[in-house]
Amino acid sequence: MSSERPRGSVTRTGRQTAFDYDLAIVGSGGAAFSAAIAARRADLRVVMLERGTVGGTCVNVGCIPSKALLAAAESRHRADEARFPGVRTHGGPVDFAALIAGKDAIVERLRRQKYVDIAARQGIEIVEGDAHFLEGPVLDVDGRRIEAAHYLLATGAEPAIPGIPGLADSGFLTSTTAMELEELPESLIVIGGGPVAQEQAQLFAHLGTRVTLLVRSTLARREEPEIVERLKAALVSEGVRVCERAHITAVGRAEDVVHVTTDDGQEYRAAQLLVAAGRRPRTSGLHLDDVGVGVAPDDEVVVGGDLSTSNPRIWAAGDVTGHPQFVYVAAKQGAHVVANAFQQAARHISYRSMPRITFTSPTIASVGLTEAQADEAGMDCECRVVDLADIPRAIVSRTSTGAVKLVAERQTGRILGVHMLADGAGDAILAAVYAIDAGMTVTDLAESWDPYLTIGEGLYLAAQAFTRDLSTLSCCAV
């Protein structure tokens with residue numbers, strides 16, 4: 001490996017000429033495009049290398065297709081719910097092939113508009129092929145050598161497949177292939193308890209599939225217990241069978257039926273099996289050892305706070321780093337890499353107010369520390385939990401399964417974390433992001449403006465609960 005720094009310098013007025021490109025990016029997802037656009041703004045020469053489909057996880061197999069199907073499934077489920085007296089609706093059977101075709105149309109349109117067309121308009125060269133590093137560092141792309149002043153690894157992540165006996169031969173689905181099925185399965189076993197497993201389980205349940213969710217530990221284990229308890233109740237009420245601490249020992253398929261056995265002797269059967277047990281960074285085949293880039297045992301590229309690797313010309317951003325797997329994290333990291341590589345900006349990202357959302361119904365939305373995390377950090381905190389049944393918006397909408405939990409520093413009242421389970425929580429959590437960014441206290445939040453009959457009022461009521469008994473207050477009381 002060469003530790004040579006890039007020859008010359010690159011600025012808006014002085015272009016690097018010692019290399020083929022200023023920046024070569026392996027991958028074409030959120031981190032890749034964010035970096036490429038930032039680089040083009042600085043008049044840098046950019047090439048993007050993609051061995052599969054342009055656009056990465058989010059637009060092709062992640063956020064866009066899953067949320068499109070979740071919205072459709074929820075629409076059908078709401079039609080079957082009959083929540084309101086005097087209003088009768090019925091979901092009816094699902095034309096699954098038409099639903100998948102509609103999802104595909106949205107994906108293709110957004111891939112063209114937000115990725116392919118953007119690349120052409122920005123002057124970003126895209127090269128199709130399988131890239132790997134050679135000593136130098138230089139990239140080999142199906143026999144073509146590409147040398148750049150700096151390289152960005154933005155290869156994302158892929159479904160993690162546990163080593164369960166018989167699983168490989170069972171014809172299992174992943175979150176990707178499940179959204180490509182031509183027929184809606186009558187029954188489905190989902191392995192996993194994280195966000196993808198939760199979303200996929202509820203998606204198929206809302207479409208009419210009988211779903212069993214097998215969770216190795218506990219459902220949504222990183223969320224607050226008050227949130228998890230209510231989420232589990234919501235899933236069970238919709239017919240999802242939730243089995244926690246299910247240690248799977250074997251998987252088999254016979255006569256178009258999947259058999260899953262656990263260590264307590266239980267056997268679960270379904271027409272299809274979906275593995276949603278997390279995602280692993282995609283680093284295989286890149287030959288990172290040849291250029292001295294460190295990789296952790298779980299395949300993530302080891303990076304510093306500035307997203308640099310152990311090779312001074314190679315950087316990494318997005319899911320491949322093992323950092324929180326959200327497209328907005330990847331995008332922010334991609335832009336930071338360009339500033340750090342070409343402007344020596346030494347930028348670091350704070351994740352203190354990073355929101356995280358699971359698009360179940362009701363939706364999980366969180367920001368900041370959980371109570372357990374605050375305790376582990378040695379912080380003296382106190383919390384308040386407001387049940388959704390006490391929030392007027394939820395009452396009138398008849399969607400009262402959920403809660404709002406606020407974690408605050410006891411002595412100062414500074415807000416440390418906000419956790420919500422509610423319809424609309426994904427939008428309301430933005431207010432909590434701003435509150436943590438601004439260093440607000442529960443007193444600040446309780447004295448701020450609160451629009452009545454919004455789900456965001458839950459934040460206001462949780463703040464009020466630190467000093468008042470909510471049962472003694474009228475609507476809109478301050």
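Residues numbered from 1 in each chain as written. Predicted model: local features only at pLDDT ≥ 70, side-chain atom pairs only at ≥ 80, totals over all residues. Heavy atoms only, no water.

1. Re the packing of aromatic side chains
- Considering all chains together, one arrives at four aromatic pairs under this definition.
- Ring plane angle 10° and centroid distance 5.2 Å describe the contact between F326 and Y328, whose orientation is recorded as stacked.
- Cation over ring: R384 sits above F466, and NZ or CZ is 4.7 Å from the ring centre. (Phe/Tyr/Trp six-rings, centres within 6.5 Å; stacked < 30°, edge-to-face > 60°. Lys NZ or Arg CZ within 6 Å of the ring centre and 35° of its normal.)

2. Remarks on the pairing of strand β1 (residues 21-26)
- A large share of β1 lies buried, amounting to six of its six residues.
- By the bridge criterion, five bridges tie β1 to strand β7 (residues 148-153) in an arrangement that is parallel. Within β7, the position partnered with V26 by the bridge is L153.
- When β1 meets strand β2 (residues 46-50), the two strands line up parallel, connected through four bridges. Its bridge partner lying in β2, I25 is registered against M48.
- In this region the chain leaves β1, passes through helix α1 (residues 30-41) and returns to the parallel neighbour β2; the handedness of that crossover is right-handed. (Buried < 20%, exposed > 50% of the residue type's maximum accessible area, 1.4 Å probe, protein only. Helix = DSSP H or I, 4+ residues; strand = E, 2+ residues; numbered from the N terminus. Pairing = 2+ DSSP bridges. Right-handed = clockwise from strand over helix to strand, strands pointing away.)

3. Focus: the environment of Y328
- Structurally, Y328 can be placed in helix α8 (residues 327-343).
- For the pair formed by Y328 and G30, sequence separation is 298 residues and the distance between their alpha carbons is 7.6 Å.
- Once residues lying within four places of it in the same chain are set aside, the contact partners of Y328 are M354, P355, R356 and I357. (Contact = heavy atoms within 4.5 Å.)

4. A word on the pairing of strand β12 (residues 248-254)
- With six bridges joining them, β12 and strand β13 (residues 257-262) adopt antiparallel strand pairing. Opposite A250, over in β13, you have T261 as the bridge partner.
- Where β12 hands over to β13, the hairpin turn is made up of two residues, of which E255 adopts a positive phi near 50°.

5. Some remarks on the sheet that holds strand β4 (residues 131-134)
- Read across the sheet, three strands follow the order β4-β5-β6 without closing on themselves; strand pairing throughout is antiparallel. In this open sheet, the two edge strands, each paired with only one partner strand, are β4 and β6 (144-146). In this sheet, neighbouring strand axes are inclined to one another by 35° on average, regardless of whether the strands run parallel or antiparallel.
- Examined bridge by bridge, strand β5 (residues 138-141) and β6 share three bridges and lie antiparallel to one another. Along β6, the bridge assignment pairs L139 with I146. (Axes fitted to C-alpha atoms, helices over the stretch in contact; angles between N-to-C directions.)

6. Quick look at the pattern of salt bridges
- By the definition in use, this model includes 25 salt bridges.
- Note that R78 and D423 form a salt bridge whose closest N and O atoms lie 2.6 Å from each other. With a gap of 345 residues between them, R78 in helix α3 (residues 63-81) and D423 in the loop between β22 (415-422) and α11 (425-437) connect regions that are remote in the sequence.
- Accessibility expressed as a relative area gives 23% for R78, which makes it partly exposed.
- The exposure class of D423 is partly exposed, given its relative accessible area of 23%.
- Across the pair K405 and E371 runs a salt bridge whose closest N-O atoms are separated by 2.8 Å. (Salt bridge = Lys/Arg side-chain N within 4 Å of Asp/Glu carboxyl O.)

7. Notes on the state of the cysteines
- In the structure shown here, the tally under the stated rule is zero disulfides.
- Left unpaired, C58 is separated from the closest cysteine sulfur, that of C63, by 3.1 Å. (Disulfide = S-S within 2.5 Å.)

8. Some thoughts on the sheet that holds strand β10 (residues 210-214)
- With respect to topology, four strands assemble into an open sheet ordered β11-β10-β9-β15, the strand pairing being parallel. Strands with a single pairing partner mark the edges of an open sheet, and in this sheet they are β11 (241-243) and β15 (272-275). Sheet twist, expressed as the mean angle between neighbouring strand axes with direction ignored, is 20°.
- In this fold helix α6 (residues 195-207) packs onto β9 (187-191), β10 and β15, with an angle of close to 165° to the strand it touches most, β10.

9. Comments concerning the side chain of T358
- Here T358 shows up in strand β18 (residues 355-358).
- Beyond its immediate stretch of four places on either side in the chain, T358 contacts P195, Q198, E199, T363 and I364.

10. Structural notes on helix α13 (residues 457-464)
- Taken across its eight residues, α13 has eight buried, putting it largely inside the fold.
- Where α13 is concerned, the buried positions are E457, G458, L459, Y460, L461, A462, A463 and Q464.
- Packed against the buried residues of α13 are β20 (381-387), α10 (392-397), β21 (403-409), β22, α11 and α12 (442-446).

11. Describing a nonpolar patch on the surface
- Nonpolar side chains collect at one region of the surface, where I395, V396, Y452 and L453 lie side by side and expose about 330 Å² of accessible area between them.
- Relative to the helices and strands, V396 is located in helix α10. (Patch = residues over 30% accessible without salt bridge, like charges linked within 9 Å, V, L, I, M, F, W, Y side chains within 5 Å. Areas by Shrake-Rupley, 256 points an atom, 1.4 Å probe, with all protein chains shown as cover.)

12. Structural notes on the side chain of S353
- By the secondary structure assignment, S353 is in the loop between α8 and β18.
- At a separation of 2.7 Å, a polar atom in the side chain of S353 contacts the side chain of D437.
- Each residue touching S353, except ones within four places of it in the same chain, is listed here: V367, V433, I436 and D437. (Polar contact = N/O pair within 3.5 Å; in protein donor to acceptor, adjacent residues only side chain to side chain.)

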